[in-house]
Amino acid sequence: MPHAARPTVTLRDVAAAAGVSVATASRVLAGSARKVAPEYAARVLAAAADLRYTADAAARAMRTAGDSIALVADDLTTPSMGMVVAAMEREASTAGAFVTVSATMGDAARQAETVRVLRSLRPRALVVTSNRFLAGASDGRLAEELRSYERDGGRAVIFGDTDLPFDTIGFDNHGCGRLVGAYVAGLGHRRVAILAGSPGLRNLADRTAGCVAGLTAGGVRDILVLPCPVSRDGGYAAARDLAARGLDGRQAVLAVNDTIAIGALSGFRAAGVDVPEEVSVTGVDDVPLARDVTPPLTTVALPLAEAGAQAIRYALTPSDTARHLRMAGHLIPRQSTRP
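Residues numbered from 1 in each chain as written. Predicted model: local features only at pLDDT ≥ 70, side-chain atom pairs only at ≥ 80, totals over all residues. Heavy atoms only, no water.

Caption draft 1: Quick peek at the nonpolar core. One finds Leu29, Val127, Leu146, Phe159, Leu195, Leu254 and Phe268 to be the most contacted residues of the largest nonpolar core, which totals 101 residues. Ranked by residues supplied to this core, first place goes to helix α12 (residues 304–316) with seven residues. Contact partners of Leu254, with chain neighbours within four places excluded, come to Val180, Gly181, Val184, Val192, Ala193, Ile194, Leu195, Cys211, Leu215 and Thr282. (Core = buried A, V, L, I, M, F, W, Y, C linked by side-chain atoms within 4.5 Å. Buried < 20%, exposed > 50% of the residue type's maximum accessible area, 1.4 Å probe, protein only. Helix = DSSP H or I, 4+ residues; strand = E, 2+ residues; numbered from the N terminus. Contact = heavy atoms within 4.5 Å.)

Caption draft 2: Structural view of the packing of helix α2 (residues 22–29) against helix α3 (residues 38–50). The contact between α2 and α3 brings their axes to 9 Å, and the two run at 80°. Taken together, the axes of α2 and α3 lie roughly perpendicular to each other. Across the interface between the two elements, Thr24, Ala25, Val28 and Leu29 from α2 touch Tyr40, Ala41, Val44, Leu45 and Ala48 from α3. Partitioned by chemical class, the residues of the contact of α2 with α3 number eight nonpolar, one polar and no charged. (Axes fitted to C-alpha atoms, helices over the stretch in contact; angles between N-to-C directions. Parallel < 35°, antiparallel > 145°, perpendicular 65-115°, else oblique. Nonpolar A, V, L, I, M, F, W, Y, C, P; charged D, E, K, R; others polar.)

Caption draft 3: Here's a closer look at the packing of helix α10 (residues 232–244) against helix α11 (residues 258–270). Running from amino to carboxyl end, α10 crosses α11 at an angle of 40°, the nearest separation of the two axes being 6 Å. The orientation of α10 with respect to α11, classified from their angle, is oblique. In terms of crossing hand, the pair formed by α10 and α11 is right-handed. Every residue of α11 that contacts α10 at Arg232, Gly235, Tyr236, Ala239, Arg240, Leu242 and Ala243 is listed here: Thr259, Ile260, Gly263, Ala264, Ser266, Gly267, Phe268 and Ala270. For the contact of α10 with α11, the per-class residue count stands at eight nonpolar, five polar and two charged. (Left-handed = near helix turned anticlockwise from the far one by under 90°.)

Caption draft 4: Structural detail: the sheet that holds strand β1 (residues 68–73). Pairing in this open sheet of six strands is parallel, and the strands run β2-β1-β3-β4-β5-β11 from one edge to the other. Two strands bound the open sheet, and with one partner strand each, they are β2 (98–103) and β11 (324–327). Across the sheet, the axes of successive neighbouring strands diverge by a mean angle of 15°, strand direction being ignored. The pairing of strand β4 (residues 155–159) with strand β5 (residues 167–171) spans three bridges and is parallel. Following the sheet pairing, Ile158 is matched in β5 by Thr168. (Pairing = 2+ DSSP bridges.)

Caption draft 5: Inspection of the environment of Ala328 at higher detail. Inspection of the secondary structure puts Ala328 in the loop between β11 and β12 (330–332). It is 7.2 Å that separates the C-alpha atoms of Ala328 and Cys176, two residues lying 152 residues apart in sequence. If near-sequence neighbours (up to four positions away) are discounted, Ala328 is found in contact with Asp172 and Pro303.

Caption draft 6: Examining the environment of Ala47 more closely. With respect to the helices and strands, the residue Ala47 is situated in helix α3. For the pair Ala47 and Ala25, spaced 22 residues apart in sequence, the C-alpha to C-alpha distance is 9.7 Å. Here Ala47 is in contact with Val14, Ala17 and Ala18, once residues within four sequence places are set aside.

Caption draft 7: Broad picture of the packing of aromatic side chains. Counted according to the given criterion, the structure contains one aromatic pair. Between Phe159 and Phe171 the ring centres are 6.0 Å apart and the planes differ by 80°, which places this aromatic pair in the edge-to-face class. Residue Phe159 is located in strand β4, and its partner Phe171 is located in strand β5; the two are separated by 12 residues in the primary sequence. For Phe159, a relative accessible area of 7% puts it in the buried group. Judged by relative accessible area, which is 9%, Phe171 ranks as buried. Over the ring of Tyr314 we find Arg323; its NZ or CZ atom is 4.4 Å from the centre of that ring. (Phe/Tyr/Trp six-rings, centres within 6.5 Å; stacked < 30°, edge-to-face > 60°. Lys NZ or Arg CZ within 6 Å of the ring centre and 35° of its normal.)

Caption draft 8: How the structure looks around helix α9 (residues 202–217). Relative to the 22 Å expected for 16 residues at 1.5 Å per residue, α9 spans 22 Å between its end C-alpha atoms, a close match to the ideal helical length. Turning to α9, its buried residues are Asn203, Leu204, Arg207, Thr208, Gly210, Cys211, Ala213, Gly214 and Leu215. Among the structural elements, α8 (173–186), β6 (191–197), β7 (222–227) and β8 (252–255) are those in contact with the buried residues of α9. Of the residues flanking the end of α9, it is Gly219, one or two places downstream, whose phi is positive at about 95°. (Expected span 1.5 Å × (residues − 1).)

Caption draft 9: Layout of the pairing of β4. Of all five residues that make up β4, five are buried, and the element is covered over most of its length. Of the two faces of β4, the one lined by Arg155, Val157 and Phe159 and the one lined by Ala156 and Ile158 are each fully buried. Note that strand β3 (residues 125–129) and β4 share five bridges and pair parallel. Note that in β4 the partner of Val127 across the bridge is Val157.

If you want it as structure tokens, here you go:
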């Protein structure tokens, strides 16, 4: 007996599986310029893959492949990533392209699966942003998906530190940490704590190492490194804990990003610890809120918008060899620090 044909999967089936309207599913799979919330777009792409709708999706996407750039990001909720994505969208629009966004929260399997599904939709380029690419990443599933995508004629760009053999845009995170460490040492502080975030994040690990290098070069020997969640609440809890211990005699607290530092400012305020009279606090990134908190935050400014725009330029400009750009930060002293 002949095999029964597999039932045809329709757009309505994909929409139902994703829990969205047919119109929303159509916009995602057809590469429409009308924006769709990232969480809905991700659900549609996942449903299309599960239902094997990729053949129809690819056919549709090929008609608009020259217009779309797919961004696969770790976390879209951070202020710094918001600045990067906004710059990417502005730069893409000047070239007549538009950016679609998916969030993976840095999960390696989810990153690879998202890229696999996006490949079937034939975007003009893929920009993958992650701080979890560590040594040996070139042997992983994500790297193979990106290689396959480039073999099919696409362009892949990595935004972050990686050993993957693609165009990369990154920051001198060690240099940023060293800047702020040297500055705090120069203020005369000799007992310092570093709110180091998660040890699994390469950019924050490099910033922590840079802080230690800058402090020790300036004569500081008493350095306490404290891991904490990479969030406002993580910084708040770490500061409250330090305050409860009388700061352990610490005269300065260096946070590896502004989000943690802003949480620490709130934690010290809640604990009755005056910043900067009793303890100096610093951050890294220079997000817009850093200048508006009380007191305004001393930080290292990173060229986030320029880096996002440059990632799109790489994505849209062919090159026979992989290009690697590392951008430096600069110190902005404000009122959260004092000698």
